[in-house]
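Now for the letters of each chain:
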Amino acid sequence: MAVMPERVQALVVGAGVVGVAVARALARAGREVVLIERERGMGQHGSSRNSEVVHAGLYYPPGSLKARLCVEGRHALARYCASRGVGYRPIGKLVVATDEAQRATLAALRARAHDNGVDDLRPLDAHDITAIEPRVVAVAGLWSPSTAIVDSEGLLRALWSEAHDLGASLALATPLESDVPREDGNDVHAGSTTVRCQLLVNAAGLGATAVAQSIAGLSPDHIPTSHLLKGSYFSVAGRPALSHLVYPVPDTHSLGIHVTLDIGGGVRLGPDQQWVDHIDYTVDPGRARHFAQAAARYWPQVDVSMLQPAYAGIRAKIVGPGQPAADFRIDGPRDHGIPGLCNLFGIESPGLTSSIAIADEVLRRLGIDPAGAGSAR
């Protein structure tokens, strides 16, 4: 853990994968960077409690930040993992319709993906699906060869190793208590230290709203309400039965309980959705039956006896139950009027996929050209 300096050019709050990617990008741009984290380790929340899927860009509204940064981030992430030896496998994804009524949704999904620059989707009939995944039963589907899985822990380590080599320092167990913007920077009280910084990036994930509320002079109009959406995962016992990611056709509010694989070949089901009022990562074993019933619509062999509680994550939502999905919020000085400040809100999926692209976008919002730091990539 670093000793906090009295002055630093850039202070980043939150040592999840997005915060670490931002610290790396700032360091590559020649800024002196300190990364602070309230927990005793990096990536303790969403960065280590997700599906580890690298999304192609199928689901997000064309023109949205999620759509653009997902596609840009997926390409950047593939290049980065190859250059740094991080586990990355483009195993592909099946999106499957289990009844005829879902064919229209598949068609709309393909059109949306095309508008987002995803041009490698292939429509499938039932026989095609069986050829790719013999255990999956569906009437139609889409094949996304660009969808991948990544070693999220290895990615976090690689990003931080590079940032550290470029001079960035890390202070763990150091929550941001308050920030007072000044004409020549920000006076940030973190832990037992006050630091003057020119640039302040709030990448605190689940804590981003609380961090924003501690910034003096930031209007409540620029701070969204935080909501917590819990998603649990169950592992599938025995030898892996599937070789690819399998997703049901999405509905209005969810991608559905899907099959994911980890780098080691383990198979998981999840996540589900539970709105909660506090952070709790306990997995209720009683939910296994719901998971089995959902997955059995396209994977008939799955049975509740095969499922074991794995882990849970909490998504950083800025909309509540029944509301349409929100876009990423990356608020720079032009949005809120405070020089040198960038707030990130609602960085849920595809945040992992988009992490390198999000970091570049943060630099742009702060008036820094990320291309001046060289290729990430």
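What you are looking at is a predicted structure, and each value in this text was computed from that prediction instead of being measured.

Procedures and definitions
Residues numbered from 1 in each chain as written. Predicted model: local features only at pLDDT ≥ 70, side-chain atom pairs only at ≥ 80, totals over all residues. Heavy atoms only, no water. Helix = DSSP H or I, 4+ residues; strand = E, 2+ residues; numbered from the N terminus. Expected span 1.5 Å × (residues − 1). Bend = angle between axes of the 7 residues up to and from the residue. Pairing = 2+ DSSP bridges. Buried < 20%, exposed > 50% of the residue type's maximum accessible area, 1.4 Å probe, protein only. Contact = heavy atoms within 4.5 Å. Polar contact = N/O pair within 3.5 Å; in protein donor to acceptor, adjacent residues only side chain to side chain. Axes fitted to C-alpha atoms, helices over the stretch in contact; angles between N-to-C directions. Parallel < 35°, antiparallel > 145°, perpendicular 65-115°, else oblique. Left-handed = near helix turned anticlockwise from the far one by under 90°. Phe/Tyr/Trp six-rings, centres within 6.5 Å; stacked < 30°, edge-to-face > 60°. Lys NZ or Arg CZ within 6 Å of the ring centre and 35° of its normal. 1 Å grid on protein atoms, 1.4 Å probe; cavity = no way out; pocket = protein on both sides within 12 Å on 5 of 7 lines; lining within 4 Å. Points joined across faces, edges and corners; volume = space filled by probe spheres on them. Nonpolar A, V, L, I, M, F, W, Y, C, P; charged D, E, K, R; others polar.

Draft legend 1. Region of interest: helix H9 (residues 351-365). The terminal C-alpha atoms of H9 lie 17 Å apart, and with 15 residues this falls more than 12% below the ideal 21 Å at 1.5 Å per residue. The axis of H9 is deflected most strongly, by about 45°, at Ala357. Phi for Gly367, located one or two positions after H9, is positive at around 80°.

Draft legend 2. Local environment of the sheet that holds strand S8 (residues 148-150). With respect to topology, three strands assemble into an open sheet ordered S3-S8-S4, the strand pairing being antiparallel. Pairing within the sheet leaves two strands with one partner each, and these edge strands are strand S3 (53-54) and strand S4 (88-89). As paired strands, S3 and S8 are joined by two bridges and run antiparallel to one another. Across the sheet, residue Val53 finds its bridge partner in S8, namely Ile149.

Draft legend 3. Seen up close, unusual backbone geometry. Put simply, Gly270 and Pro271 share a cis peptide bond, and its omega is -10°. Along the chain, the position of Pro271 falls in the loop between strand S16 (267-270) and strand S17 (274-276). In this structure, Pro350 follows Ser349 across a cis peptide bond, with omega equal to 10°. By secondary structure assignment, the location of Pro350 is in the loop between strand S20 (341-345) and H9. Phi is positive for Glu52, which is not a glycine, with a value near 60°. Looking at where Glu52 falls in the secondary structure, it is placed in the loop between strand S2 (33-36) and S3. A positive phi angle, close to 50°, is found at Ala173, a residue other than glycine.

Draft legend 4. Focus on the environment of Thr194. Locating Thr194 in the fold gives a position in strand S12 (residues 193-202). You can call Thr194 partly exposed: its relative accessible area is 46%. Placed 189 residues apart in sequence, Thr194 and Pro5 show a C-alpha to C-alpha distance of 8.6 Å. When neighbours within four sequence positions are excluded, Thr194 is seen to be in contact with Pro5, Glu6, Asp187, Val188 and His189. At 3.4 Å, the side chain of Thr194 forms a polar contact with the side chain of His189.

Draft legend 5. Structural view of the packing of helix H1 (residues 17-28) against H9. Where H1 meets H9, the closest approach of the two axes is 8 Å, and the angle between their N-to-C directions is 40°. In terms of their interaxial angle, H1 and H9 are classed as oblique. For H1 against H9, the interelement crossing comes out right-handed. Each of Val17, Val18, Ala21, Val22, Arg24, Ala25 and Leu26 in H1 lies in contact with H9, whose residues at this interface are Gly351, Leu352, Ser355, Ile356, Ile358, Ala359, Asp360, Val362 and Leu363.

Draft legend 6. Spotlight on the packing of aromatic side chains. Summed over all chains, the structure comprises three aromatic pairs. A centroid spacing of 6.3 Å and a plane angle of 75° characterise the contact between Tyr59 and Tyr60, whose relative ring orientation is edge-to-face. Comparing Tyr59 with Tyr60, the two get one shared label, buried. The interplanar angle of 25° and the centroid separation of 4.6 Å between the aromatic rings of Tyr233 and Tyr311 together place this pair among those described as stacked. Residue Tyr233 is found in strand S13 (residues 227-236), and its partner Tyr311 is found in strand S18 (residues 307-317); the two are separated by 78 residues along the sequence. A residue is classified by how much of its surface remains accessible, and Tyr233, at 5% relative accessible area, is buried. The lysine or arginine in question, Arg49, covers the ring of Tyr281, its NZ or CZ lying 3.9 Å from the ring centre. Positioned above the aromatic ring of Tyr247 is the side chain of Lys93, whose terminal nitrogen or guanidinium carbon lies 4.1 Å from the ring centre.

Draft legend 7. Structural view of the layout of surface pockets. Here the second largest pocket defines a volume of roughly 340 Å³. Pro248, Asp251, Gly256, Ile257 and Arg297 are the residues nearest the centre of the second largest pocket, which is lined by 17 residues in total. Among the residues forming the lining of the second largest pocket, the class breakdown is seven nonpolar, six polar and four charged.

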